Amino acid sequence: MTDAIGPEPLGICLVANVAQETGCGEGGLEIRQGLRHFASGAKVWIAPPAWGDGGESVIVAGRHRGNSRRYTRIVIKSRFLVNFRVRAVYSPALVRALTEAEPGEEREFGARFLWPPEQAESWARSWNTPRL
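Rules used in this analysis
Residues numbered from 1 in each chain as written. Predicted model: local features only at pLDDT ≥ 70, side-chain atom pairs only at ≥ 80, totals over all residues. Heavy atoms only, no water. Phe/Tyr/Trp six-rings, centres within 6.5 Å; stacked < 30°, edge-to-face > 60°. Helix = DSSP H or I, 4+ residues; strand = E, 2+ residues; numbered from the N terminus. Buried < 20%, exposed > 50% of the residue type's maximum accessible area, 1.4 Å probe, protein only. Salt bridge = Lys/Arg side-chain N within 4 Å of Asp/Glu carboxyl O. pLDDT = per-residue confidence, 0-100. Pairing = 2+ DSSP bridges.

Q: Talk me through the packing of aromatic side chains; I want residue IDs and the actual numbers.
A: Aromatic ring pairs are described here by two measures, namely the spacing of the ring centres and the angle between the planes. Overall, the coordinates contain 3 aromatic pairs when judged by the stated rule. Judged by centre distance (5.6 Å) and plane angle (65 degrees), the ring pair of Trp115 and Trp123 falls under edge-to-face. On the numbers, 4.9 Å between centres and 85 degrees between planes, the contact of Trp123 with Trp127 is edge-to-face. With Trp123 and Trp127 both in helix α2 (residues 117–128), this residue pair falls 4 residues apart, about one helical turn. A relative accessible area of 10% means that Trp127 is categorised as buried.

Okay, here's the thing in structure tokens:
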């Protein structure tokens, strides 16, 4: 369904990029470019919080380092992400990857929806604030 303006967004989502350098290994002393599944700078879409750890670990969907055609969904530490922002979601494949459900379909486990706009803006501001 397209009109003169463009396709209708399926929802709102929090988006971030994978940090250029990440610490891994014992004590985080080994420096790596990006993550095992995502290259540094890769754009990932963050699902709403699924458990109460305060956002320390997040469910993300993005294009895998080895296969840029399909979205992959994994849990990563939010400290490996930078440049948080809010974006509209237009891809049904991305909605499936984030929620493991068809757009509009209810699920029994995990994220059942994309972000409410005000909550996404609040989390983006919070995560972009430098921490000690």
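Q: Go over the pattern of salt bridges with me, naming the residues and quoting the values.
A: Tallied over the entire structure, the rule returns 1 salt bridge. Among the salt bridges present, the one from Glu56 reaches Lys77, with a minimum N-O distance of 3.4 Å. Of this pair, Glu56 sits in the loop between β4 (43–46) and β5 (57–64) while Lys77 sits in strand β6 (residues 67–77), and the two are 21 residues apart along the sequence. Under the relative-accessibility criterion, Glu56 is labelled partly exposed at 48%.

Q: Provide a residue-level description of the confidence of the model for the chain, including the pertinent values.
A: For the chain, the average pLDDT comes to 78, and 73% of its residues sit at 70 or higher. Mean pLDDT across the secondary structure elements of the chain bottoms out at strand β2 (residues 21–24), with 63, and peaks at β4, with 92.

Q: Could you give me a rundown of the pairing of strand β1 (residues 11–18), with the residues and numbers involved?
A: Burial analysis of β1 places 7 of its 8 residues in the buried class, which makes it a mostly covered element. In the sheet, β1 pairs with strand β7 (residues 81–89) via 7 bridges, with the strands oriented antiparallel. Its bridge partner lying in β7, Val18 is registered against Leu81. Sheet topology places β1 next to β4; 4 bridges connect them, and they run antiparallel.

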